[in-house]
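# Working through the structure, step by step
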Amino acid sequence: MGSAQVTAVSSNGVYSFTKPRRESITLLAGLGVEGDVHAGVTVKHRSRVAKDPSQPNLRQVHLIHRELFDEVAGAGFTVGPGQLGENVTTEGVDLLALPVGTLLRLGDEAVVEVTGLRNPCLQIDKFRKGLLKQVVGRDEEGRPVLKAGVMGVVRHGGTIRPGDPITVTLPPGPHIPLERV
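The following paragraphs examine the structure supplied in this document. (Residues numbered from 1 in each chain as written. Predicted model: local features only at pLDDT ≥ 70, side-chain atom pairs only at ≥ 80, totals over all residues. Heavy atoms only, no water.)

Our focus in this paragraph is the overall build of the chain. Scanning the chain from N- to C-terminus turns up four helices and 13 strands. Across its three principal axes, the chain shows a C-alpha extent of roughly 40 × 35 × 35 Å. For the chain, with 181 residues in total, the buried portion stands at 46%. In the chain, the proportion of contacts linking residues at least 24 apart, taken out of those at least 6 apart, comes to 67%. Within the structure as shown, the chain displays about 9,000 Å² of accessible surface, and the carbon and sulfur contribution to it stands at 52%. Each charge class in the chain was averaged separately, 21 positive and 19 negative side chains, and the resulting centres sit 8 Å apart. (Helix = DSSP H or I, 4+ residues; strand = E, 2+ residues; numbered from the N terminus. Buried < 20%, exposed > 50% of the residue type's maximum accessible area, 1.4 Å probe, protein only. Contact = heavy atoms within 4.5 Å. Areas by Shrake-Rupley, 256 points an atom, 1.4 Å probe, with all protein chains shown as cover. Lys, Arg positive; Asp, Glu negative; His and termini not counted. Charge placed at Lys NZ, Arg CZ, Asp CG, Glu CD.)

Here it is as structure tokens:
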């Protein structure tokens, strides 16, 4: 997978679609990003809380590949780190191709286990009209392809910063493809 790295980190202590960029963020095992509104053992995303607030939080950390910004720029959309609500912007890792259970070591200590795909929502079009169509593609059979990043849970805490290396450890096979969480 080449030289993978963190290109930006973002967090927000209040509900809003975008997250401001930070010099660093601290991941807390079993909780998520310290001080982020989506941190917690149980679900924090409003739509999931409304359905069942006792569900485990499989969306503690949201990661997006910086390469997506280049892709949507080709369709005329300017998007930068944190603007789609992600906590970690990566480079050099094909996040969408990872199987469930992949471990991502971010920097020296933090480890995030990938749980699934982000389910893009209408807030993306409220942010930039027409952008939702760019982050939800279709495969040859017409099935949706979700491109707005992956979600994960923190297995080992630590502070991460832009420029930190990313090490990918695949789970033992057979691999389970990512689905929306």
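Let's shift gears to the side chain of Thr 102. Here Thr 102 is to be found in the loop between strand S6 (88-91) and strand S7 (103-106). Looking at Thr 102, the relative accessible area reads 0%, which means it is buried. In this structure the side chain of Thr 102 is engaged in a polar contact, spanning 2.7 Å, whose partner is the backbone oxygen of Pro 99. Ignoring any residue separated from it by four or fewer positions in sequence, one finds Thr 102 in contact with Val 112, Glu 113, Val 114, Val 168, Thr 169, Leu 170 and Pro 171. (Polar contact = N/O pair within 3.5 Å; in protein donor to acceptor, adjacent residues only side chain to side chain.)

Turning our attention to the packing of aromatic side chains. All told, the structure shown has one aromatic pair when counted by the stated rule. Between Arg 128 and the ring centre of Phe 127, over which it is positioned, the NZ or CZ distance is 4.2 Å. (Phe/Tyr/Trp six-rings, centres within 6.5 Å; stacked < 30°, edge-to-face > 60°. Lys NZ or Arg CZ within 6 Å of the ring centre and 35° of its normal.)

Before going further, it helps to spend a moment on the sheet that holds S6. Adjacent strands of a sheet pair through backbone hydrogen bonds, lying either parallel or antiparallel. Across the sheet, eight strands lie side by side as S2-S1-S6-S5-S11-S8-S7-S13; this open sheet has mixed pairing. Two strands bound the open sheet, and with one partner strand each, they are strand S2 (21-22) and strand S13 (166-169). The sheet contact formed by strand S5 (residues 61-65) and strand S11 (residues 150-156) spans three bridges and is antiparallel. What sits directly across from Leu 63, in S11, is Val 150. (Pairing = 2+ DSSP bridges.)

Here we come to the pattern of salt bridges. This structure, assessed with the given rule, holds seven salt bridges. Put simply, Asp 36 and Lys 19 hold a salt bridge, and the shortest N to O gap is 2.9 Å. Of this pair, Asp 36 sits in the loop between strand S4 (32-33) and helix H1 (46-51) while Lys 19 is found in the loop between strand S1 (5-10) and S2, placing the two residues 17 residues apart along the sequence. On the basis of relative accessible area, Lys 19 is assigned to the buried category, the value being 5%. The residue Lys 147 makes a salt bridge to Glu 71 at a minimum N-O spacing of 2.7 Å. Placement of the pair is Lys 147 in the loop between strand S10 (144-146) and S11 and Glu 71 in helix H2 (residues 67-73), with a sequence separation of 76 residues. The class of Glu 71 is partly exposed, set by a relative accessible area of 41%. A single salt-bridge network, built from bridges that share partners, covers Arg 66, Asp 70 and Glu 91. (Salt bridge = Lys/Arg side-chain N within 4 Å of Asp/Glu carboxyl O.)

This next bit is on a nonpolar patch on the surface. Together, Leu 28, Leu 31 and Val 41 give the surface a local cluster of nonpolar side chains, amounting to about 220 Å² of exposed area. Along the chain, the position of Leu 28 falls in strand S3 (residues 25-28). For Leu 28, a relative accessible area of 30% puts it in the partly exposed group. (Patch = residues over 30% accessible without salt bridge, like charges linked within 9 Å, V, L, I, M, F, W, Y side chains within 5 Å.)

Before going further, it helps to spend a moment on the side chain of Thr 90. For Thr 90, the position within the fold is in strand S6. Residue contacts for Thr 90: discarding those within four places in its chain leaves Gln 5, Thr 7, Leu 63, Ile 64, His 65, Arg 66, Glu 67, Leu 95 and Ile 166.

Next up on the list: the pairing of S1. One ladder, built from four bridges, connects S1 with S6; its direction is antiparallel. What sits directly across from Val 6, in S6, is Thr 90. Pairing between S1 and S2: two bridges, direction antiparallel. From the neighbouring strand, Ser 10 faces S2, where its bridge partner is Arg 21.

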